[in-house]
Every structure is written in C-alpha cells, then in structure tokens.
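If you want the building blocks of each chain, they are given just below.
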Amino acid sequence: MRMSTYDAIIIGAGHNGLAAAVHLAAKGWKVAVVEQAQEPGGAVKTREVTLPGFKHDLFAMNLSLFAGSPFFAAYKNKLFANGMGIVGATDTFSSAFPDGTWLGVNNDLDVTAKRIATFSPRDAEAWRTMVADFAKDAPHIFALLGSAMPSWGSAKALWGAYRAKGMAGVGELAKLVLSSPREFLDANFENDKLKVMMACWGMHLDFSPDVAGGALFPYLESMANQSFGMALGQGGAATMINALVATLKSLGGEVHLGRAVERIETSGDQATGVRLAGGEVLSARRAVIANAHPKLVFGRLLVADNTRAAFDAKVAAFRAGPGTMMIHLALSGLPDWTAGEELKKFAYVHLAPTFGTMVAAYAQASSGLLPKEPVLVVGQPTALDPSRAPEGKHVLWIQVRVLPAMIRGDAANEITATDWDAVKELYAERVLKLIEHYAPGFSSKILGKAVFSPLDLERENPNLIGGDSLSGSHHLDQNFVFRPVFGWSRYKTPVKSLYICGASTWPGAGVGAGSGFMLAKMLAGAP
Ligand SMILES: Cc1cc2nc3c(=O)[nH]c(=O)nc-3n(C[C@H](O)[C@H](O)[C@H](O)COP(=O)(O)OP(=O)(O)OC[C@H]3O[C@@H](n4cnc5c(N)ncnc54)[C@H](O)[C@@H]3O)c2cc1C
C-alpha cells in the first residue's frame with residue numbers, strides 16, 4: 001500500500017480547510033487537502049445545474065464575509081493573482097411586502113434613509129445614528145469575531161471596547177449579543193417593515209424573531225451592507241474556491257479530489273494520518289485537520305475510545321439547525337416585482353412579510369412540519385453579474401428557510417408524502433406560487449429548474465447534516481465558547497495532533513474563513 005507523508009493533512013476542501021492549508025503552506029508546511037467530492041468548495045460551488053450557460057451558486061452566494069475577513073486581507077493579492085474576481089452590490093438586500101410596498105438597503109446612506117423615512121422619519125434618523133455608531137463599534141465587534149474563543153485576542157477585544165466605550169458600552173454590547181431580534185428591533189425602531197427587513201437576517205441562521213442571541217446577525221448584516229455593500233463572486237462564488245486551490249498549489253500544497261477519508265489513523269492518543277477509501281494511507285507529521293463536521297469526525301472517522309466517552313457524548317448532542325432547500329432557476333427575465341421595478345436591482349429580495357410569518361415557519365419546521373408559508377431569500381446574482389447567464393437571461397437563487405430534516409406532516413395539509421425525494425418538487429411548487437404572488441407572470445419566465453432538498457444538500461456535502469446550512473445550530477448554548485463543545489472551542493480535540501475547523505466551530509457558519517485561518521495561525525505561529 002502506497003504511503004505519503006505530509007506536515008499536515010486537511011480533511012475537506014471547504015473554504016476553511018483551504019484557507020488553513022494556504023496559510024500553512026505559506027509558512028513552509030507540506031500540506032495535502034483530501035476531499036470526498038469530485039469538486040472542491042464544500043458549501044461554496046458554482047455549477048450549471050439547469051441549462052448550459054446558466055451558472056448557479058449551489059449554496060453560498062454572498063461572499064461579503066470572505067471579502068471582509070482577516071484571511072482575505074492577508075492573501076488578497078495572491079487570490080486576485082490566481083483569478084479571484086469580486087462584484088460589488090450597492091443595492092444589497094430588501095424586503096417586498098404583499099401590500100405592494102418594499103424597503104431595501106442601498107450602500108448610499110442618504111438613499112436608504114430616504115426610503116426608510118417614507119415609512120417613518122423617526123426610524124430614518126435612528127438608522128443614521130445606528131450606522132454612525134457602527135463605524136465606532138465595528139472594530140471591537142470584528143476583533144472579537146476574529147479572535148479564537150476564548151483567547152488573549154478576545155479578552156483584548158473586550159478590553160478595547162471597555163476602554164473606548166466604558167462599562168455601559170460593554171453592557172450594551174453584551175445586551176446585543178443576548179437579545180432576540182424582536183427585543184433589539186423593538187427597542188430601536190418603530191416601523192414594522194424596517195424591523196421585518198432587518199429580522200430576515202436572523203432566519204439566514206436559525207434565529208426566528210424570538211430566539212435569544214439572534215439580534216447580533218441582523219444588526220451586523222444590516223449595518224455592514226449599509227456601510228460596505230455586498231460582495232458576490234465574479235462568474236459565481238466558486239471564483240473564491242478556484243483561487244484558493246490555485247494559490248495553494250502555487251505554494252506547493254496538494255488537493256486530492258474524490259478521495260473520501262474513511263478513518264483517522266491514530267497511535268496511542270495521537271492522530272498520525274488518514275486512511276482513504278481504497279486503503280491508501282497519508283501520514284501527518286504535525287497535524288491532521290478536520291474541516292469535517294465533528295459528528296462525522298468523532299462518530300465515524302475515529303475508532304471509539306472509552307477515554308473520550310464524555311467528549312464524544314457531547315459531540316453527539318451537538319444540535320443541527322433546521323434544514324434548507326435550494327431552488328435554482330434559469331429565467332428569461334427577472335421577476336416583475338409588484339412592489340417596484342427597483343427591486344430588480346437588488347442582490348437579495350426577502351419574502352417574509354411579518355414577524356408572525358417567520359415565527360410560524362420556524363415553529364412548524366422545528367416540529368417536523370413543512371411550513372405553510374416559508375421564508376424566502378431570493379437571490380438575483382445576474383442583476384449584478386450578467387456573466388452568469390447567456391445574454392439577456394438570468395439565474396435566480398432561492399433559499400427556502402426553514403424546513404424540517406425529517407418530515408412529519410404539512411402545516412398546509414396539502415402534501416402527504418414524508419420523504420424528501422417525493423416531496424421536493426411538490427414543495428418547490430408552493431415556493432414558486434408564493435413568488436408568483438409577489439411577481440405575477442414570474443412562472444412564465446422559467447426556462448429551467450433544479451431543486452435541492454435538505455437531503456440532497458447532505459448528499460452533496462456530508463457536513464450539511466439534515467440539510468442544515470449552518471453545520472450546527474447557532475443558538476447561544478452552541479455559540480462562542482460553546483462551539484462545538486465547551487472547553488474545546490479553540491480547534492483542539494482530545495486526540496493529540498487532531499484539530500477541527502469549519503462552520504461547526506467558532507465563529508460558525510458563513511464564508512469568513514475564520515476558523516481555518518485562526519487554527520492555521522495557531523499551528524504555524526502567528527503572524
Ligand atoms: C444553501 C446554503 C447557502 C448558504 N449561503 C451563504 C451565503 O450566501 N453566505 C455565507 O457567508 N454563507 C452561506 N452559507 C454558509 C456557508 O456556505 C458555510 O458555512 C461554509 O461554506 C462552510 O465552510 P467550511 O469550510 O466550514 O465547510 P464545508 O464548506 O462544509 O466543507 C467541508 C468539506 O469537507 C468535506 N468532507 C467531509 N467529510 C469528509 C471526509 N470524510 N473525507 C473527505 N472530505 C470530507 C465535504 O465534502 C466538504 O467539501 C450557506 C450554506 C448553505 C448550505
């Protein structure tokens with residue numbers, strides 16, 4: 001049996017694994033990334049899944065977290081040299097309402113404030129104040145999010161916030177972190193449409209309006225989109241993955257595709273390498289890094305070990321967030337939104353008209369029911385990047401939030417099947433009808449369709465257990481120092497030389513490359 005030896009072997013070519021590999025290779029480590037799928041990227045892939053010439057971001061579309069990340073700041077020259085392209089959106093996110101109104105955030109503060117003022121002049125002023133405060137608070141918040149948890153870095157970030165804002169300011173920050181979206185939004189604004197527009201971001205994670213700890217993401221996304229705009233990948237989100245792979249190769253690293261790791265090899269209490277499907281063993285002198293979900297690592301890839309029983313039990317209890325479905329459409333034209341032609345310019349149009357819609361969808365999905373009216377994130381990437389479709393044509397990226405992994409019934413009492421393969425096209429019809437309601441004539445523009453159920457998402461990427469786009473709920477008991485297991489939030493594991501990074505670890509889901517970069521810096525010695 002052939003055996004190769006590396007300094008580090010990374011299991012999984014998600015963007016976190018690739019970011020870790022790039023940094024270690026840049027520091028002179030000999031690294032290999034092994035990926036079970038035939039293409040790299042994990043939850044960031046672009047593929048022609050409907051018709052030739054229509055490029056769809058299968059999963060993540062919004063690359064703002066990556067474009068704003070410390071990893072990108074460190075490696076952007078190399079990434080651009082290796083083909084990465086970014087398209088900036090000034091019309092970022094919006095909400096359309098059934099009464100024919102809409103609200104959205106343009107990168108120009110005056111434009112947004114003017115729109116908010118049509119609903120509430122007082123809220124327009126409150127928005128301006130929040131944006132101004134964000135400029136002062138952002139360095140502290142991003143320092144915290146960009147530090148291992150806990151660490152000197154995170155303590156320093158809190159100390160910096162205390163020095164700049166005093167105890168009352170740190171108290172406000174703590175309150176923001178603990179609040180539900182509704183609590184935070186009610187405390188700051190009076191207009192329901194503005195609150196709903198912001199609260200939709202909570203549903204990208206698993207924060208329906210009343211879940212504690214859910215205020216931070218709507219706040220950050222709203223303020224960041226206002227302040228910096230939104231970033232998409234030129235030609236598709238895979239531009240980022242292709243550039244990471246090319247950068248890694250230029251630094252001497254290797255990427256092995258279509259090679260599933262079946263076993264993490266150990267000697268005593270130490271990880272020594274990986275065994276691939278087919279039996280080939282790759283040895284690691286210094287580190288085995290799993291960019292794989294902890295449940296896969298400790299439930300499947302390692303031999304059970306009694307000395308680890310308590311830790312393994314905690315990993316087994318790590319909860320998934322609700323499932324997601326993706327519907328990709330090839331269109332002859334963008335939807336004609338009743339609420340206004342201007343909506344055609346936005347990267348995202350959220351369809352979730354009230355807090356009640358979000359609460360109901362979340363409660364139904366959590367109880368195993370297909371939501372009667374799901375929350376929809378409608379992405380219009382070709383509004384900003386026409387290169388993704390043949391001339392004059394468009395793609396639509398529809399994320400359905402939120403859905404059960406296992407179906408127990410239908411809140412609308414229409415669909416009787418309970419397995420996703422039988423349900424997905426039926427449920428997609430409900431989603432398309434909902435869009436038709438906001439954009440009459442939309443269905444007649446559909447040229448091609450591809451539906452990915454929660455089960456299909458897991459088939460594409462085993463880290464998305466039950467179609468959970470977050471690789472683990474982000475509720476407070478699984479976030480910060482609790483992600484994925486209290487006492488093990490700094491990427492180490494009870495197995496020596498075995499490290500874990502990725503969306504299941506701090507700072508969680510999203511394409512910020514945070515865990516991969518922080519882990520690699522720890523291993524290689526910062527900076
Ligand atoms: C539908 C959807 C939409 C999203 N939209 C956005 C968005 O717009 N913006 C945003 O910031 N975030 C978004 N996210 C979240 C974001 O995409 C993910 O959190 C992020 O990409 C996770 O990256 P990762 O590197 O941690 O792991 P992953 O991308 O999950 O990669 C892990 C890799 O490990 C591989 N692997 C697992 N086990 C093995 C094994 N045994 N052997 C070999 N390989 C293995 C997997 O095949 C996978 O390729 C979205 C996610 C989904 C699912």
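Only a predicted model underlies this, so the values are computations on that prediction, with no experimental measurement involved.

*Asks:* How should the overall build of the protein chain be read in this particular structure?
*Replies:* If you tally the helices and strands in the protein chain, you get 16 helices and 20 strands. Since a compact globule built from 527 residues should have a radius of gyration of about 24 Å, the 22 Å found for the protein chain is in line with a globular shape. For the protein chain, the spread of C-alpha atoms along the three principal axes comes to 65 × 55 × 45 Å. Put simply, the protein chain has 527 residues, and 55% of those count as buried. Within the protein chain, counting contacts between residues at least 6 apart in sequence, those at least 24 apart form 72% of the total.

*Asks:* Any chance you could explain the sheet that holds strand β14 (residues 348-351) here in plain terms?
*Replies:* Each strand in a sheet pairs with its neighbour through backbone hydrogen bonds, running either in the same direction (parallel) or in the opposite one (antiparallel). Spatial ordering of the open sheet is given by β7-β6-β14-β16-β17-β13-β19, a layout of 7 strands whose pairing is mixed. Looking at strand neighbours, the two that pair on one side only are β7 (102-106) and β19 (446-452), the edges of this open sheet. The sheet shows a mean angle of 20° between the axes of neighbouring strands, taken without regard to direction. Alignment of strand β13 (residues 323-331) against β19, held across 6 bridges, turns out to be antiparallel. Bridging from a neighbouring strand, Met326 pairs with Phe452 of β19. Its contacts with the sheet place helix α8 (residues 192-204) against β6 (91-96), β7, β14, β16 (375-379) and β17 (394-403), and it is angled at close to 110° to β6. Each of β16 and β17 is contacted by helix α13 (residues 355-366), which is oriented at about 65° to β17, the strand it contacts most.

*Asks:* Before we go on, may I ask you to explain helix α14 (residues 420-438) in this structure?
*Replies:* Structural remark: α-helix, 3.6 residues per turn; residues separated by three or four positions point the same way. A rise of 1.5 Å per residue sets the reference length of α14, with its 19 residues, at 27 Å; its end C-alpha atoms lie 26 Å apart and thus fit the reference within 8%. Inspection of α14 places Trp420, Val423, Lys424, Tyr427, Ala428, Ile435 and Tyr438 among the buried residues, and these make up the whole buried set.

*Asks:* Would you mind showing me how to read the environment of Ile11 here?
*Replies:* Inspection of the secondary structure puts Ile11 in strand β1 (residues 3-11). Residues Ile11 and Ile289, 278 residues apart in the sequence, show an inter-C-alpha distance of 6.1 Å. Beyond its immediate sequence surroundings of up to four residues, Ile11 is in contact with Val34, Val261, Val274, Ile289, Ala290, Asn291 and Ala292.

*Asks:* I'm lost on the packing of helix α5 (residues 121-145) against helix α6 (residues 152-178) in this one. Help?
*Replies:* In helix packing, the relevant descriptors are the interaxial angle and the interaxial distance, both defined with respect to the helix axes. Relative to each other, α5 and α6 sit at 165°, their axes nearing to 8 Å. One way to sum up the angle between α5 and α6 is to call them roughly antiparallel. In this structure, α5 crosses over α6, and the sense of that crossing is left-handed. Residues His140, Ala143 and Leu144 of α5 lie in contact with α6, whose contacting residues are Ser154, Ala157, Leu158, Gly160, Ala161 and Ala164. For the contact of α5 with α6, a count of residues per class yields 6 nonpolar, 3 polar and no charged.

*Asks:* Help me out: how do you make sense of the packing of α8 against helix α9 (residues 216-228) in this one?
*Replies:* Where α8 meets α9, the closest approach of the two axes is 8 Å, and the angle between their N-to-C directions is 115°. In terms of crossing hand, the pair formed by α8 and α9 is right-handed. When α8 is examined against α9, the residues Met198, Ala199, Trp201 and Gly202 are found in contact with a partner set consisting of Phe217, Pro218, Glu221 and Ser222. Considered class by class, the residues forming the contact of α8 with α9 number 5 nonpolar, 2 polar and 1 charged.

*Asks:* Which parts of the structure should I look at to understand the domain arrangement of the protein chain?
*Replies:* One widely used convention gives an interface's size as the accessible area the parts lose upon coming together. When its domains are assigned, the protein chain resolves into domain 1 (3-47 + 61-86 + 236-318 + 470-524), domain 2 (108-228) and domain 3 (319-460). For domain 1 versus domain 3, the separation of C-alpha centres amounts to 30 Å. Taken together, the contact between domain 1 and domain 3 spans 8 residues of the former and 7 residues of the latter. Taken together, the residues that form the side of domain 1 that touches domain 3 break down as 3 nonpolar, 5 polar and no charged.

*Asks:* Explanation requested: the site of the ligand in the structure shown.
*Replies:* Close to the ligand lie 39 residues; Gly12, Gly14, Asn16, Gly42 and Gly502 are nearest. Contributions of two or more residues to the shell around the ligand are made by α1 (15-26), α11 (294-301) and β13. The element contributing the most residues to the shell around the ligand is α1, with 3 residues. Its residues assigned to classes, the shell around the ligand shows 22 nonpolar, 16 polar and 1 charged. When residues are assigned to domains, the shell around the ligand turns out to be shared by domain 1 (3-47 + 61-86 + 236-318 + 470-524) and domain 3 (319-460), each giving three or more.

*Asks:* Would you explain the environment of Ser489 in this entry?
*Replies:* Take Ser489: it is sitting in the loop between α15 (454-460) and β20 (498-500). Assessed through the 20 C-beta atoms surrounding it within 10 Å, Ser489 is described here as buried. Separated by 16 residues in sequence, Ser489 and Thr505 have C-alpha atoms that sit 6.7 Å apart. Look past the residues within four positions of Ser489 in its chain and what remains in contact with it is Met149, Val481, Phe482, Arg483 and Trp506.

*Asks:* So what exactly am I meant to see when it comes to the nonpolar core here?
*Replies:* One broad trend across soluble globular proteins is that nonpolar side chains are buried collectively. Ile9 and Ile289 are the most contacted members of the largest nonpolar core, which has 163 residues in total. With near-sequence residues (within four places) excluded, Ile289 lies in contact with Ala8, Ile10, Ile11, Gly17, Ala20, Tyr499, Cys501 and Leu519. Counting residues in hydrophobic clusters, the runner-up holds 5 residues, among them Ile141, Leu144, Leu145 and Ala161.

*Asks:* I'm lost on the pairing of β7 in this one. Help?
*Replies:* Put simply, side chains in a regular strand alternate between the two faces of the sheet. β7 sits mainly inside the fold: 5 of its 5 residues count as buried. The alternating pattern of β7 places Trp102, Gly104 and Asn106 and Leu103 and Val105 on opposite faces, both of which are buried. Across 4 bridges, the pairing between β6 and β7 is antiparallel. The residue of β7 that forms the bridge with Ser94 is Gly104. Counted between consecutive antiparallel strands, the loop separating β6 from β7 contains 5 residues, among which Gly100 sits at a positive phi close to 90°.

Parameters and conventions
- Residues numbered from 1 in each chain as written.
- Predicted model: local features only at pLDDT ≥ 70, side-chain atom pairs only at ≥ 80, totals over all residues.
- Helix = DSSP H or I, 4+ residues; strand = E, 2+ residues; numbered from the N terminus.
- Rg over C-alpha atoms; globule rule 2.2 N^0.38 Å.
- Buried ≥ 20, exposed ≤ 12 C-beta atoms within 10 Å, placed from the backbone.
- Contact = placed C-beta atoms within 7 Å.
- Pairing = 2+ DSSP bridges.
- Axes fitted to C-alpha atoms, helices over the stretch in contact; angles between N-to-C directions.
- Expected span 1.5 Å × (residues − 1).
- Parallel < 35°, antiparallel > 145°, perpendicular 65-115°, else oblique.
- Left-handed = near helix turned anticlockwise from the far one by under 90°.
- Nonpolar A, V, L, I, M, F, W, Y, C, P; charged D, E, K, R; others polar.
- Domains from an automatic or database assignment.
- Near = placed C-beta within 6 Å.
- Core = buried A, V, L, I, M, F, W, Y, C linked by C-beta atoms within 7 Å.

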